[in-house]
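# Notes for the structure review
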Amino acid sequence: MLGDILNAVLHDTLFIKYGLLGLFFNGMFSSFIPIPTELTISALLIGGINPLDVFLVLTVGSIVGGYIAYYLGYNGRLLKRIRKIPDKKHEQKSINIMTRYGWFTIIFFSPWLPILGDVISIIAGTKRYNIVKYSIAMTAGKTVKAVAIVFFGIHFVHWLVYILH
């Protein structure tokens, strides 16, 4: 029963159907829309995809998505056109946190913050945060998160295989 459910989820999810290309888009979209990448990563690892390939594709997709989110904030007209304007409550909370702990630290840790982390890159663009500092913090944060997700994903897959057999 559990095996059937896992099989259905792992083969019928949109991003998983397209393999590494699906992971790239999943990573990219998850930088500004709360779409988790963990299921896609686990499915690809279970499917035998090389963990280094998964890490590289996830990292590049997430970084590209981080720049898209920054640009959406930087170009406010575009943001209004697609109606992904951050909720005032989330925007003010993000600004307060960034002011308290520093922009660099928050951008570095933003990939780990559900929903609030998606808004942080948009707000950084809106506030015209220095693109070089943003690039360094965002790239480092997304790379560290990708390492952790793939590392723990590998261990999760081994555990899952052990449990199911």
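Residues numbered from 1 in each chain as written. Predicted model: local features only at pLDDT ≥ 70, side-chain atom pairs only at ≥ 80, totals over all residues. Heavy atoms only, no water.

## As for the nonpolar core
Soluble, globular proteins show a tendency: their nonpolar side chains are buried together. By size, the foremost hydrophobic cluster in this structure holds twelve residues: I63, Y70, I97, I106, I107, L116, I120, A124, Y129, Y134, A137 and M138. Ignoring anything within four residues of it in the chain, the contact list for Y134 reads G66, Y67, Y70, I107, S121, A124, Y129 and T139. Formed by eleven residues, the second largest nonpolar core is a distinct cluster that contains L23, F55, I149 and V157. (Core = buried A, V, L, I, M, F, W, Y, C linked by side-chain atoms within 4.5 Å. Buried < 20%, exposed > 50% of the residue type's maximum accessible area, 1.4 Å probe, protein only. Contact = heavy atoms within 4.5 Å.)

## Some remarks on the packing of helix α5 (residues 51-74) against helix α10 (residues 131-164)
Running from N to C, α5 and α10 cross one another at 145°; their axes reach a closest spacing of 9 Å. Once α5 is placed against α10, the crossing between them reads as right-handed. Side by side, α5 and α10 meet where P51, V54, F55, L58, T59, S62, I63, G66, Y67 and Y70 of the first sit next to I131, Y134, S135, M138, T139, K142, T143, A146, V147, V150 and I154 of the second. Grouping the constituent residues of the contact of α5 with α10 by class yields 14 nonpolar, six polar and one charged. (Axes fitted to C-alpha atoms, helices over the stretch in contact; angles between N-to-C directions. Helix = DSSP H or I, 4+ residues; strand = E, 2+ residues; numbered from the N terminus. Left-handed = near helix turned anticlockwise from the far one by under 90°. Nonpolar A, V, L, I, M, F, W, Y, C, P; charged D, E, K, R; others polar.)

## What about the layout of surface pockets?
Approximately 390 Å³ is the volume attributed to the largest pocket. Every residue lining the largest pocket is counted, 24 residues in all, and those nearest its centre are S30, I35, P111, D118 and K145. Elements supplying a minimum of two residues to the lining of the largest pocket: α5, α9 (116-126) and α10. When grouped by side-chain class, the residues that make up the lining of the largest pocket number twelve nonpolar, eight polar and four charged. (1 Å grid on protein atoms, 1.4 Å probe; cavity = no way out; pocket = protein on both sides within 12 Å on 5 of 7 lines; lining within 4 Å. Points joined across faces, edges and corners; volume = space filled by probe spheres on them.)

## Remarks on the packing of helix α3 (residues 19-29) against α5
One can describe the packing of α3 onto α5 by two numbers: an axis separation of 7 Å at closest approach and a directional angle of 35°. In the packing of α3 onto α5, the handedness of the crossing is right-handed. Between α3 and α5, the residues in contact are L20, L23, F24, G27 and M28 and D53, V54, V57, L58, V60, G61, S62, V64, G65 and I68, respectively.

## What about unusual backbone geometry?
Located in the positive-phi region is R128, a residue other than glycine, with phi close to 55°. Considering the arrangement of structural elements, one finds R128 in the loop between α9 and α10. On the accessibility criterion, R128 (45% relative accessible area) is partly exposed.

## As for the packing of aromatic side chains
Inspection of the entire model under this criterion finds seven aromatic pairs. For the ring pair Y67 and Y134, a centre distance of 6.3 Å and an interplane angle of 70° mean the geometry is edge-to-face. Here Y67 is found in helix α5, whereas its partner Y134 is found in helix α10, with 67 residues between them in sequence. A residue is classified by how much of its surface remains accessible, and Y134, at 0% relative accessible area, is buried. R128 extends its terminal NZ or CZ atom over the ring of Y74, reaching a point 3.9 Å from the ring centre. (Phe/Tyr/Trp six-rings, centres within 6.5 Å; stacked < 30°, edge-to-face > 60°. Lys NZ or Arg CZ within 6 Å of the ring centre and 35° of its normal.)

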